[in-house]
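Listed below, chain by chain, are the residues.
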Amino acid sequence: MTKIYVNEHPLVQHKITLLRDKNTGTKEFRELTNELAILMAYEATRDLKLTDASVQTPITTAKTRVLAGKKLGIVPILRAGLGMVDGMMSLIPSAKVGHIGLYRDPKTLAPVEYYCKLPPDVGERDIIVVDPMLATGGSAIAAIGYLKRAGCTSIRLVCLIAAPEGVDALNEKFPDVTIYTAAIDERLNDHGYIVPGLGDAGDRLFGTK
Ligand code: PRP
Ligand code: URA
């Protein structure tokens, strides 16, 4: 069964409202996406393993903990996922970044792959797939399928807005993948857009419409 985590933090919910607003321009949309990625990264890494350590403070030795060292990988789904990479990397600077390029065929809504470049040791890493929108789930399922075939066994998906249809589809296909989102919206419309959603995330992020 897919675990789904909805980030109800007040800062997240406030920023999501601004992100949805049709009057929010490209510059602010990009800034908000970056800030939301940082806040989502904080929650999506809550269960990372720690190991005991010690450090010399100016006073004495402190018994502390550090990350246990399992390597992380961040995989944005192009294009819109790119808007979340910097925010994620600001909290996890040692992560490697892979890229998967997919676009939805406007008629069939099926994902079409056009690019893939992953770190060579991707299968050894805990992977965080990032994409602001989980609509039909087709893009996330295609990306995660690709990562599984590359040997990845620990994958989580961080999005900002999810549709129930996408959550169900991902659950059906990959029940082991935890979803982190800031909102679960009502439904998809006839064109596969999330309602109420925020429109086309890629276009709003890059000013292409
Ligand atoms: C958007 C979004 C997701 C996908 C979600 O990308 O960024 O990747 O749609 O829809 P799905 O769950 O139905 O697959 P889009 O295909 O518009 O490409 P873009 O990011 O290049 O604009
Ligand atoms: N992709 C988007 O960018 N927005 C949606 O609402 C659905 C898919």
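Check the entry above for the structure.
Keep in mind the model is a prediction, meaning the values are calculated, not measured.

J.: Whenever I open this one, empty space enclosed by the protein confuses me. Can you help?
T.: A probe as big as a water molecule, rolled over the atoms, marks out the empty space that is left. The full count for this structure, using the stated rule, is one cavity of 30 Å³ or more. Lining the largest cavity, in full, are Leu19, Phe29, Thr33, Pro132, Leu160, Leu198, Ala201 and Leu205. Those elements that provide at least two residues to the lining of the largest cavity are α2 (26-44) and α6 (201-206). When its residues are assigned to classes, the lining of the largest cavity shows seven nonpolar, one polar and no charged.

J.: So what exactly am I meant to see when it comes to the site of ligand 2 here?
T.: Contacts to ligand 2 come from Arg104, Met133, Ala135, Gly192, Tyr193, Ile194, Gly199, Asp200 and Ala201. Taking Ile194, its main chain carries an N or O atom lying 2.8 Å from an oxygen atom of ligand 2. At a separation of 2.8 Å, an oxygen atom of ligand 2 approaches a polar backbone atom of Ala201. For ligand 2, whose accessible area on its own is 230 Å², the fraction buried by protein is 89%. The class makeup of the residues in the shell around ligand 2 is five nonpolar, two polar and two charged.

J.: Mind showing me how you'd approach a nonpolar patch on the surface here?
T.: A surface patch of nonpolar side chains, about 330 Å² in accessible area, is lined by Tyr103, Tyr114 and Tyr115. For Tyr114, the position within the fold is in strand β7 (residues 111-117). Under the relative-accessibility criterion, Tyr114 is labelled partly exposed at 44%.

J.: Just to check I follow, could you spell out the packing of helix α1 (residues 10-20) against α2 for this structure?
T.: Helices that pack against each other are described as a pair by the angle of their axes relative to one another and the distance between those axes. At a minimum axis distance of 10 Å, the contact between α1 and α2 shows a crossing angle of 155 degrees. It follows that α1 is roughly antiparallel to α2 by the angle criterion. By crossing handedness, the relation of α1 to α2 is classed as left-handed. For the pair α1 and α2, the contacting residues are Leu11, Val12, Lys15, Ile16, Leu18 and Leu19 in the first and Glu28, Phe29, Leu32, Thr33, Glu35, Leu36 and Leu39 in the second.

J.: Is there a simple way to think about helix α5 (residues 164-173) in this case?
T.: In an α-helix, one turn spans 3.6 residues, which is why side chains three or four residues apart end up on the same side. Regarding α5, the residues found buried are Gly166, Val167, Leu170 and Asn171. Taken down its axis, α5 places every buried residue within 135 degrees of arc, on the same side. When the buried face of α5 is taken as reference, the exposed residues oriented beyond 90 degrees from it are Asp168, Glu172 and Lys173. Its buried side turned inward, α5 meets β1 (4-6), β9 (133-134), α4 (138-149), β10 (154-158), β11 (161-162) and β12 (178-181).

J.: What is the right way to read the nonpolar core from this model?
T.: What tends to happen in soluble globular proteins is that the nonpolar side chains get buried as a cluster. Of all hydrophobic cores here, the largest spans 33 residues; its most connected members are Ile16, Leu19, Val158 and Leu160. Of all elements in the fold, only α1, α2, β4 (72-78), β8 (126-130) and α6 reach the threshold of two or more residues within this core. In terms of residues, this core owes the most to one element, α2, which gives seven residues. Each residue touching Val158, except ones within four places of it in the same chain, is listed here: Met40, Ala44, Met84, Met88, Ile128, Val129, Val130, Asp131 and Tyr180. With 24 residues, the next largest nonpolar core counts Ile77, Leu102, Ala140 and Val167 among its residues.

Basis of the calculations
Residues numbered from 1 in each chain as written. Chains lettered and ligands numbered in written order. Predicted model: local features only at pLDDT ≥ 70, side-chain atom pairs only at ≥ 80, totals over all residues. Heavy atoms only, no water. 1 Å grid on protein atoms, 1.4 Å probe; cavity = no way out; pocket = protein on both sides within 12 Å on 5 of 7 lines; lining within 4 Å. Points joined across faces, edges and corners; volume = space filled by probe spheres on them. Helix = DSSP H or I, 4+ residues; strand = E, 2+ residues; numbered from the N terminus. Nonpolar A, V, L, I, M, F, W, Y, C, P; charged D, E, K, R; others polar. Near = heavy atom within 4 Å. Polar contact = N/O pair within 3.5 Å; in protein donor to acceptor, adjacent residues only side chain to side chain. Areas by Shrake-Rupley, 256 points an atom, 1.4 Å probe, with all protein chains shown as cover. Patch = residues over 30% accessible without salt bridge, like charges linked within 9 Å, V, L, I, M, F, W, Y side chains within 5 Å. Salt bridge = Lys/Arg side-chain N within 4 Å of Asp/Glu carboxyl O. Buried < 20%, exposed > 50% of the residue type's maximum accessible area, 1.4 Å probe, protein only. Axes fitted to C-alpha atoms, helices over the stretch in contact; angles between N-to-C directions. Parallel < 35°, antiparallel > 145°, perpendicular 65-115°, else oblique. Left-handed = near helix turned anticlockwise from the far one by under 90°. Contact = heavy atoms within 4.5 Å. Arc of directions from axis to C-beta. Core = buried A, V, L, I, M, F, W, Y, C linked by side-chain atoms within 4.5 Å.

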